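Topology and contacts: notes
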Amino acid sequence: MERVCRVTPFKTIRARAEKRKGGAKTLTRLLPPAPDAKALAKVKDDRVLAEMSKRVFCAGFAWSVIESKWPGFEDAFLGFQPAKLAFEPDDYWEGLTSDTRIVRNGAKIMSVRHNARFVQEVAREHGSFGKFLAAWPSSDEIGLLNLLVKRGNRLGGNTGMMLLRFLGWDGFVTSKDVVACLRDAGLDIAEEVKSKGDLAKVQAQFNAWAKETGLPYTHISRICAMSIGENYEAAELTRRMRGDD
């Protein structure tokens, strides 16, 4: 008979996080506002494309550099208006590879062109990309990430998760500390969650903890991260939690 591992109840994980952070009130203050589906549905398509592009350019690069140059990105990419970018000819995109206002990575520049079309297509199907995201259930983050990979460009793995996090969609991030928390709780997954099987296990566990607690997935993810690993001071933790768990 196959052995079934019992996973630690989330109340135990939360209690550990509270102890590490100095109490329940302090832990609560370190959590972001609960995701708001109505607000997400109102996000404009140009802001969705801008965030997609920022996450793509930040991947493998110093985020602080991208942030400091971002006004230049907004100018160079025409405010990330999908309809405008869709009509730009090849020489416009070629010219961006020598534009000093942005990071001149040809593959990432062309990802903006591809993702502009992606955003347009989804907006035509659902009214807007924000409405599409707002209607997608947190219980199937894996399905949403798969869609980003198949229809978008360079939106796989951590980039896709960070995109959803920054847009305000309610989901988890498989950061080092979150995965360590899951493994410590008894979930049989690798130290780096990459396989479809491991991702399915993570999704199922978050679904179970969400049912147990009634908490948003984003809060469960961040409490997990705060319950284990390096115990950062509040200021450093806040800086890190602007995007990563």
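Residues numbered from 1 in each chain as written. Predicted model: local features only at pLDDT ≥ 70, side-chain atom pairs only at ≥ 80, totals over all residues. Heavy atoms only, no water.

A look at the overall build of the chain
The line we're drawing: Helix numbers and strand numbers start at the N terminus; a helix is a DSSP run of H or I with at least 4 residues, a strand a run of E with at least 2. Between the two quantities, the radius of gyration covers C-alpha atoms and the globule rule is 2.2 Å times the number of residues to the power 0.38. By the convention used here, residues are in contact when the closest approach between their heavy atoms is within 4.5 Å.
Check the secondary structure of the chain and you find 15 helices and 0 strands. Since a compact globule built from 245 residues should have a radius of gyration of about 18 Å, the 19 Å found for the chain is in line with a globular shape. In terms of its C-alpha atoms, the chain occupies a principal-axis envelope of roughly 60 × 40 × 35 Å. Across the chain, every contact between residues at least 6 apart in sequence was considered, and the portion connecting residues at least 24 apart equals 67%.

Describing the pattern of salt bridges
Side chains bearing opposite charge may pair, as long as their charged atoms lie close to each other. Rules: Salt bridge criterion: a side-chain nitrogen from Lys or Arg within 4 Å of a carboxyl oxygen from Asp or Glu. Buried, partly exposed and exposed residues are distinguished by accessible area as a fraction of the type maximum, computed with a 1.4 Å probe on protein chains only: under 20%, between the cut-offs, and over 50%, respectively.
Counting across every chain of the model gives 13 salt bridges. Linking Arg101 and Asp99 is a salt bridge whose minimum nitrogen-to-oxygen distance equals 2.7 Å. Using a relative accessible area of 38% as the deciding quantity, one classes Arg101 as partly exposed. For Asp99, a relative accessible area of 13% translates into the label buried. In this structure, the salt-bridge partner of Glu121 is Arg151, at a minimum N-O distance of 3.6 Å. Residue Glu121 is found in helix H8 (residues 106-126), and its partner Arg151 is found in helix H10 (residues 141-151); the two are separated by 30 residues along the sequence. One salt-bridge network, in which partners are shared between bridges, spans Asp46, Arg47 and Glu74.

Quick word on the packing of helix H1 (residues 10-21) against helix H13 (residues 196-213)
Quick reminder of the rule: As a rule, the C-alpha atoms of each element are fitted with a line to give its axis, helices using only the stretch in contact, and angles between N-to-C directions run from 0 to 180 degrees. Relative orientations are named as follows: roughly parallel for angles under 35 degrees, roughly antiparallel for angles over 145 degrees, roughly perpendicular for angles from 65 to 115 degrees, and oblique for any other angle. Only Asp, Glu, Lys and Arg are considered charged in this grouping, and only Ala, Val, Leu, Ile, Met, Phe, Trp, Tyr, Cys and Pro are considered nonpolar; every other residue, Gly among them, is considered polar.
One can describe the packing of H1 onto H13 by two numbers: an axis separation of 10 Å at closest approach and a directional angle of 80 degrees. Compared by their axis directions, H1 and H13 come out roughly perpendicular. On the side of H1, the interface is formed by Phe10, Lys11 and Ile13, while H13 contributes Trp209, Glu212 and Thr213. A breakdown of the residues in the contact of H1 with H13 according to their chemical character gives 3 nonpolar, 1 polar and 2 charged.

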